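Listed below are the residues making up each chain.
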Amino acid sequence: EADIYQTPRYLVIGTGKKITLECSQTMGHDKMYWYQQDPGMELHLIHYSYGVNSTEKGDLSSESTVSRIRTEHFPLTLESARPSHTSQYLCASSEYGVQKTQYFGPGTRLLVL
Amino acid sequence: AQSVTQLDSHVSVSEGTPVLLRCNYSSSYSPSLFWYVQHPNKGLQLLLKYTSAATLVKGINGFEAEFKKSETSFHLTKPSAHMSDAAEYFCVVSFLAGGGADGLTFGKGTHLIIQP
């Protein structure tokens, strides 16, 4: 079944640690996105990709980085986690083109102590 | 500038009664409009999408929304609320000429509470 997956679902980690949030989709979508969502707030786009070897920064500035080596995989990395990074991170994908529906993964809740 | 406004941060209804979640947008371009639902500790699920075809859009779980260009609104409705409808609802607008990934703009969300 075509879907979009995120791991881990929950992560509690200490300050200064390097973390990678995984996102994979089996829908064959070219475009992928990372959003950050603080509790009770709207989503803000932090990264997106048009396809392999394409990465762009979104509307909200983020210290995280992303890579797109394979179509189905779009991991997000924080080199040195800080408490200010505590948030929910949602991954999404869509077909290439304008105004295409974005399909979301279940999200990763990150808590940095 | 494009924007989307969800007029109510919280809506509380009794089970079995109608649901109305309000959304207004502003745009100089022809938008696509979406409603997503987010249950606690879950990702976003697409409820329905408007793309300039029929102005009344039917979605999953009995939800529907009507696009009214003259009022720049895209309100979400359901005739009879169910306890399982309790969740956060986001109105999302995609502008054809928007910058960034797809010009997607999210509303701040409406928390729907269902009273037994």
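## Things to note about the interface of chain B and chain A
And step 1. Contacts between chain B and chain A engage 23 residues on the former and 26 residues on the latter.
And step 2. The junction of chain B with chain A conceals about 1900 Å² of combined surface from both sides, 47% of it contributed by carbon and sulfur atoms.
And step 3. For the pair chain B and chain A, the interface holds one salt bridge.
And step 4. Note that Glu42 of chain A and Lys108 of chain B form a salt bridge whose closest N and O atoms lie 3.2 Å from each other.

## Here's the deal with the pattern of salt bridges
And step 1. Tallying each qualifying case throughout the model produces seven salt bridges over all chains.
And step 2. The shortest N-O distance in the salt bridge between Glu72 of chain A and Arg70 of chain A comes to 3.1 Å.
And step 3. The class of Arg70 of chain A is partly exposed, set by a relative accessible area of 42%.
And step 4. For Asp8 of chain B, the salt bridge identified is with Arg22 of chain B, shortest N-O distance 3.0 Å. Highlighted residues: Asp8 of chain B in the loop between β1 (3-6) and β2 (10-14) and Arg22 of chain B in the loop between β3 (19-21) and β4 (23-26), separated in sequence by 14 residues.
And step 5. Owing to a relative accessible area of 18%, Asp8 of chain B belongs among the buried residues under this scheme.

## Some points on the nonpolar core
And step 1. One finds Trp35, Phe74, Leu76 and Tyr89 of chain B to be the most contacted residues of the largest nonpolar core, which totals 26 residues.
And step 2. Per element, the largest residue contribution to this core is four residues, and it comes from strand β10 (residues 87-95) of chain B.
And step 3. Those residues in contact with Tyr89 of chain B, other than ones at most four positions away along the chain, are Gln6, Leu21, Trp35, Tyr36, Val37, Leu47, Phe63, Leu76, Gly109, Thr110 and Leu112 of chain B.
And step 4. Among the nonpolar cores identified, the runner-up in size contains 18 residues, and Leu21, Trp34, Phe74 and Val112 of chain A belong to it.

## Focus on the state of the cysteines
Residues and elements named next belong to chain A.
And step 1. What the rule picks out here adds up to two disulfides over all chains.
And step 2. Sulfur-sulfur distance for the disulfide between Cys23 and Cys91 comes to 1.9 Å. Between Cys23 and Cys91 the disulfide shows an S-S torsion of about -75°. By sign, it is left-handed. Taken together, the positions of Cys23 in strand β3 (residues 19-25) and Cys91 in strand β9 (residues 87-94) put the pair 68 residues apart, joining distant regions of the chain.

Reading guide: rules and limits
- Residues numbered from 1 in each chain as written.
- Chains lettered and ligands numbered in written order.
- Predicted model: local features only at pLDDT ≥ 70, side-chain atom pairs only at ≥ 80, totals over all residues.
- Heavy atoms only, no water.
- Contact = heavy atoms within 4.5 Å.
- Buried area = accessible area lost by both parts, 1.4 Å probe.
- Salt bridge = Lys/Arg side-chain N within 4 Å of Asp/Glu carboxyl O.
- Buried < 20%, exposed > 50% of the residue type's maximum accessible area, 1.4 Å probe, protein only.
- Helix = DSSP H or I, 4+ residues; strand = E, 2+ residues; numbered from the N terminus.
- Core = buried A, V, L, I, M, F, W, Y, C linked by side-chain atoms within 4.5 Å.
- Disulfide = S-S within 2.5 Å.

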